[in-house]
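Overview (structure and organization)
Listed below, chain by chain, are the residues.
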Amino acid sequence: MADFPTETHLFPSFDGVELAWTEMGEGRPVVLIHGYFSNAEVNWIKYGHAAKLAAKGFRVIMPDLRAHGQSAKPHDPAAYPPDVLMRDGFALIAHLGLTDYDLGGYSLGARTVVRMLANGAAPKRVVLAGMGLDGLVATKGRGGYFHRVLTNLGTFQRGTSEWLTEAFLKTTKGDPEALLLILQTFVDTPREAIAAISQPTVAIAGVEDYDNGAAHEVADLLPHGHFVEVPGNHMSAVTRPELGDAIVAFLAA
């Protein structure tokens with residue numbers, strides 16, 4: 001596969017907090033939002049997903065969420081109001097002047113996409129990966145798990161889910177204090193708001209991924225949704241080439 005260069009830029013969000021985004025390729029814009037504890041590099045670039053899209057003629061735009069990656073990580077709770085990630089997403093769309101674009105995300109990124117859609121975002125096509133219906137309509141469940149991990153670092157038995165989550169936090173050099181504050185920003189999306197998403201949408205999940213409930217239930221709720229299963233669980237599916245292949249197959253169709 002061709003080696004596509006990347007460029008990283010900074011911009012002030014709606015409240016002045018400085019956020020980063022990375023671009024790869026030229027052509028039709030697609031905005032891809034990474035998952036919790038992760039960043040654009042790990043989620044989209046490291047395992048080749050962005051390069052596959054760039055090779056198909058896409059301009060891949062990959063923000064680092066507030067408190068993640070190269071974006072600012074404020075420790076002031078006031079910097080984390082409800083739905084702040086949704087508002088950051090709109091700030092990036094406005095900053096780049098995007099009108100005709102596609103929008104996707106993995107895990108927390110997919111939840112952020114749904115919050116944007118519920119608040120008026122109008123992409124042409126939508127990718128929701130690594131996110132089940134439970135994780136959209138009842139965010140406190142998964143948020144409780146991460147709160148337990150972040151407030152008990154260094155105490156988990158090797159090999160447990162919590163230990164693996166903490167290990168991932170270390171690999172991404174995450175800021176536990178800022179990431180803990182992100183949990184207070186989660187907002188549930190009612191089933192009827194999800195069912196009102198009119199865009200063609202693909203829900204993609206690992207065959208062993210039920211961390212946020214069942215992704216096929218999201219697809220079933222959507223008027224133009226379909227479900228694609230890829231190998232892996234919530235942590236490993238994002239590393240598999242099949243994830244990038246599924247995104248490309250949908251967006252390049």
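Let me begin by describing the structure that accompanies this report. (Residues numbered from 1 in each chain as written. Predicted model: local features only at pLDDT ≥ 70, side-chain atom pairs only at ≥ 80, totals over all residues. Heavy atoms only, no water.)

**Section: the side chain of Arg125**
Along the polypeptide, Arg125 turns up in the loop between α4 (108-118) and β6 (126-129). Not counting residues within four places of it along the chain, the set of residues in contact with Arg125 comprises Arg28, Phe58, Tyr101, Asp102, Leu103, Pro200, Phe250, Leu251 and Ala253. (Helix = DSSP H or I, 4+ residues; strand = E, 2+ residues; numbered from the N terminus. Contact = heavy atoms within 4.5 Å.)

**As for the nonpolar core**
If you look at the biggest cluster of nonpolar residues, it comprises 53 residues, and the most contacted ones within it are Tyr36, Phe37 and Ile182. Counting only elements with at least two residues in this core, the list comes to β2 (18-24), β3 (28-33), α3 (84-96), α4, β6, α6 (139-150), α7 (161-171) and α8 (176-182). The biggest single contributor to this core is α3, with seven residues. Leave out the neighbours within four places in its chain, and Tyr36 touches His68, Leu108, Phe146, Leu150, Phe168, Leu179, Leu180, Ile182 and Leu183. (Core = buried A, V, L, I, M, F, W, Y, C linked by side-chain atoms within 4.5 Å. Buried < 20%, exposed > 50% of the residue type's maximum accessible area, 1.4 Å probe, protein only.)

**Focus on the pattern of salt bridges**
Within the structure shown, the criterion is met by 12 salt bridges. Across the salt bridge formed by Glu23 and Arg59, the nearest N and O atoms sit 2.9 Å from each other. With Glu23 in strand β2 and Arg59 in strand β4 (residues 58-64), the pair connects residues that are 36 residues apart, well separated along the chain. A residue is classified by how much of its surface remains accessible, and Arg59, at 22% relative accessible area, is partly exposed. Two residues, Glu166 and Lys170, come together in a salt bridge whose shortest N-O distance is 3.8 Å. Linking Glu166 with Lys170, this pair stays in helix α7, spanning four residues, or about one helical turn. The class for Glu166 is buried, based on a relative accessible area of 9%. Note on Lys170: relative accessible area 59%, which makes it exposed. A cluster of three or more residues bridged by salt bridges with shared partners is formed by Arg28, Asp100, Asp102 and Arg125. (Salt bridge = Lys/Arg side-chain N within 4 Å of Asp/Glu carboxyl O.)

Distances and angles like these do not, on their own, reveal function.
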